[in-house]
Every structure is written in structure tokens, then in C-alpha cells.
Amino acid sequence: MSLLSLPLPLPIPHSSKPHYTTLRLHNSRTFHFHKNLRLSVRASGVPVQRNSATLPASGEFLRQIAASTVLFISLGSALLSFPAVATTHVPPQVPSLTQLQDQESQGTEVGKSENMEDIDDEELQAAFEKWKSKTYALTVPLRIVSLSNSFPPVWLKDFLRSQGKRLRLRSEFRQSLQDIFHELCMPSRKGKVNPKSALAADVVTVGDTWLSYAIEKRLIEPMHGLEDQDWFEKLSDKWKVYLRRSDEGKLDSRGRIWAAPYRWGSIVIAYKKSEFQKRKMAPIEDWADLWRPELAGKISMVDSPREIVGAVLKYMGASYNTTDMSEVVGGREAVQQNLASLVKQVRLFDSGHYLKAFGVGDVWVAVGWSNDVIPAAKRMSNIAVVVPKSGASLWADCWAIPASSRIATDQIGGRVRGPSPVVHQWIEFCLQDERFKDDVVPGASPNALESPVKVSEKLTRGRPKLETNLIAGVPPSDILAKCELLEPLPENALSDYQWLINSVQKPKLSLVESLKSHILSLAHSFLPKGQSKFA
């Protein structure tokens, strides 16, 4: 290889005005040389001949050797200084046309990519803002069908406020539990669903005494995922045992939960203090007082077999949930005799009109459910309301989910693919203690069934005081311990109840009352025996 093929620059450090010439070598590298440097290819490649015949004159010979020496010294210096020179003195390469075109195309693509990203971000942001502005994109439906006056309307406002705009709430009320139960039954007969019926609701009110029959007839469905719900975890064991049922509606420790309570109460006895004080009669304290001779014909009572026979059983020291009358002291005959005596004492058995007779003064004593009696007593004067000392029956209104899945249809009212996802939030809301702090609910909080109740002074300040042993709708703890939730009865017990009711002669009704009773019996003929609070 000749020296010119080496890719090395040759700097001239002593020149004040360096001039470079460009030399492109075979390895495509460009180097710059000083114009004053004269390279002698011939000198660099002259062989040294030892033959004296071919040697030139001594002067010329020395000059050639000196020139060759200078050339080699210069080349050696360039080799030693190459890294520094290449870094500091070589000017930047001038890009070729192809490189410029490539860079331009790449720069255009990068610019286009950045512009496209900006455009995409703006479009996504605009689409998101438009989506947020549409309320239907975030709304969740909830349709509630409940018993009238079972909770105050302020609950609905508070729940809407807690859920925000995402909730589309529809609430409807029915005058009685029979009306709700009737709507749950009708679609199963005709195989059709009315979108406005209770069956198309997400959650409905069901009385606890209706629960067994509603489960057996598949009118409601079990609640799922309760283990993850805070309200179920806080619910007392007494409620869990009572609400856990088999698919036939019977109490079952391994069964499923079919409903959630949202208020409860008890059977109470109301009496007119003015009439008792005028005749110097002792106040009523227990069931035995209903058999006092001076009260004959002065009592009205709900027309419910469980409550009528239950009052007799409590009077005899037995349980409301007695399933075998032969186990009671004196057997079925003793129960029958005491029942016949009570019937003679009671002037009116009518679940719809017993308080009207009490209000106009036809009777002095009324026996009924606390959710009916207490609001009526607050509108009257000189009334006392007590829970019998030996205990009473307890009632409960519950939230249940209609079993609309049994109907072959794609859409049932507002329900598509199951009940609303906020059903459990509604139940938890209803179970909060603050729902009952203002004494606006005719009933007690389910949390108070086994917990002590505290009443603030603000609750009773400035209000007419009702003489009662109830505290915020809850009986005293010693009496509450003797109270009982009504359990479903087996067939043999229902037969005993039917025999007892048929064996006694109820007080005769007037012609108008007889017609009303007949119409009522026809309207409620589909109801199970002994399963309704109003039966």
C-alpha cells in the first residue's frame, strides 16, 4: 500500500493561514492537506542500491536522503497526532443529497406524528366532555313499590342526595300489603307482566307473615352476595335466623336470606284513660285485663287468627308459636274455652275499622299493631298505649326482590337482566340509625331489636307526650325478651287454628258490616290462611 492510501490528514502547525485541499481516498473518507506540502512519490519509493555503478553523485545522493528523511518524519508525526487532529481540526461532513432527503422525510414524519397525536388528544377530550354531559350515560334505575306510610318521603330525598345525579329513582305506594301481594300473584296466573305492577319493581315491601308463602310460591327471589354487604354483617343474629328460609319458606339454618327488614313493631293495647279514671278502673297492663267483666263489649281487635289465638296462648302462659295445642295447660279444650270467653268480650273484630270504633268512643280498648295504633293515639287525647307485660307478637316489614326471572320476557318494566345494582345501597340506607332519629317512622329500627334504645331530649321536647311503655317504638328490655316474631306454622297447627276459629261464634255484624266483610273475604280468598298480618 502506498502512503497516499492511508486515511490520515497532514496538518501544518506553523502556518498562520492554513489552506486545505480535499482528497477523497479509496475508503470514502475525506482528508485535507496543506497546499505547500509537496509529496514525492518517487522519493518515498526509491530503493537503496548497493551497486556503486548506479549511485548518483554524493551531493545529489545526500539531498535525496535528506528529503526522504523529512518526509518520513512528517508522516510519523501525523500518525502520532491523528486522534487529536481528527477530533479538533476536521470540519463536519457535508451531507450528501441522499442524506438530506432521508432526513427531510424523517423530519416530516415526526412532525406529522406529533400533529396527529395532538389532534387525537383533542378529539378524545371533546368526546369525553360530550359523554359526561349526557346524564343517561351514568344513571342507574331503581323502582320501589312500598306500603303507604311505612317510611317518610324524606327518605327518598335523602337517598337521592346521597347517590347524586346517577340515580333515576321511582317510588310508588300501595295502600295495603294485600295490594302488593295481589300484584305479585297476578302475573304468575296469566303469564304476562304489567310494567307498572309490583312484579316489575326492583324491590317491594313484604310483611314478615307473608314471607313463607311468597317464598313457597316463588313470588320473590333470594338475595345474593350478602356476605359482602355491610348492612347484612351488622344485622343481628335474631334477624338472620328468622329470615333464613328453605325454598319451601320454612325456617332453615342452612337456607338462604330472602328479605331484609326495614322497620318492626309489636301488638299493643290502647285504652282511654278518661273512661278508666271516670269509673275508677285499674289501667291495663297485661293480656289478662282483656277478660275483666267491666270491659265486656268495650274492646275492638284486629281480625287476625294468629293474633286472636296468640293473645289466648299468651294469657295461658304459652307461646305464640305453639305448634301443638295439646301441649298447652288444659289442652285444646282449655284454649277453646278461653277463646270463647275473649270473643264475648270483644265487640268488633275488624282490621280496617277497629280504630274507628275506638276513636268515636264505641269501645274503650283497642288491640292492634303499633304502626296503626300509635299514630292514631297521637291524634287523640287521654290515650295510653302499652305492650303487655307477658310479651306480645312482633311484626316486621321487609324489602324483598320480586321473582320476575320466572317470566319469559326480555324486559320487565325498568328491570333488564335482574334487579337494580343499587338495591343493597337502598337497604343499607334504610337500616341507618339516623333514619329513625326524628320519630317520623311508625316503627322501630331493625338495629334496635337486640340493642338498647337511647332517646334524646330533642326528640320529645315540645311534643305532646303519649303515655306508653314504648321507647322509640321499642318495648322495655324485660318485656322485649318475652316478645316473639311469628314463625310459619306447620299444617297440623293451621288445622288447630281453623278448628278453634270455627268453634266460636264471633259477634254479629250489622248488615253494612256483613256486606263489607263478605266483599273483603272474596277479595282476599287467594291469601294463605294465617299468613297475613291483615288476614
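Reference entry: report on the structure contained in this document. Just so you know, these numbers come straight off a predicted model, no measurement behind them.

## What about the packing of helix α11 (residues 305–315) against helix α12 (residues 331–345)?
Piece 1. Put simply, α11 and α12 touch, their axes get as near as 10 Å, and they point 115° apart. Of the two possible hands of crossing, α11 and α12 adopt the one that is right-handed. Along the contact surface, α11 presents Ile 308, Val 312, Leu 313 and Tyr 315, while α12 presents Val 335, Asn 338, Leu 339 and Leu 342.
Piece 2. Class assignment for the residues of the contact of α11 with α12 results in seven nonpolar, one polar and no charged.

## So, the packing of helix α5 (residues 154–163) against helix α15 (residues 423–430)
Piece 1. Look at α5 against α15: their axes get within 11 Å of each other, and the N-to-C directions meet at 125°. By the angle between their axes, α5 is oblique relative to α15. Of the two possible hands of crossing, α5 and α15 adopt the one that is right-handed. Between α5 and α15, the residues in contact are Trp 155, Leu 156, Asp 158, Phe 159 and Gln 163 and Gln 425, Trp 426, Phe 429 and Cys 430, respectively.
Piece 2. For the contact of α5 with α15, the class distribution of residues is six nonpolar, two polar and one charged.

## Quick word on the pairing of strand β4 (residues 167–174)
Piece 1. By the bridge criterion, eight bridges tie strand β3 (residues 140–147) to β4 in an arrangement that is parallel. Paired with Val 140 across the strands is Leu 167, a residue of β4.
Piece 2. For the handedness criterion, the β-α-β arrangement of β3, α5 and β4 is classed as right-handed.

Conventions and cut-offs
Residues numbered from 1 in each chain as written. Predicted model: local features only at pLDDT ≥ 70, side-chain atom pairs only at ≥ 80, totals over all residues. Heavy atoms only, no water. Axes fitted to C-alpha atoms, helices over the stretch in contact; angles between N-to-C directions. Helix = DSSP H or I, 4+ residues; strand = E, 2+ residues; numbered from the N terminus. Left-handed = near helix turned anticlockwise from the far one by under 90°. Contact = heavy atoms within 4.5 Å. Nonpolar A, V, L, I, M, F, W, Y, C, P; charged D, E, K, R; others polar. Parallel < 35°, antiparallel > 145°, perpendicular 65-115°, else oblique. Pairing = 2+ DSSP bridges. Right-handed = clockwise from strand over helix to strand, strands pointing away.

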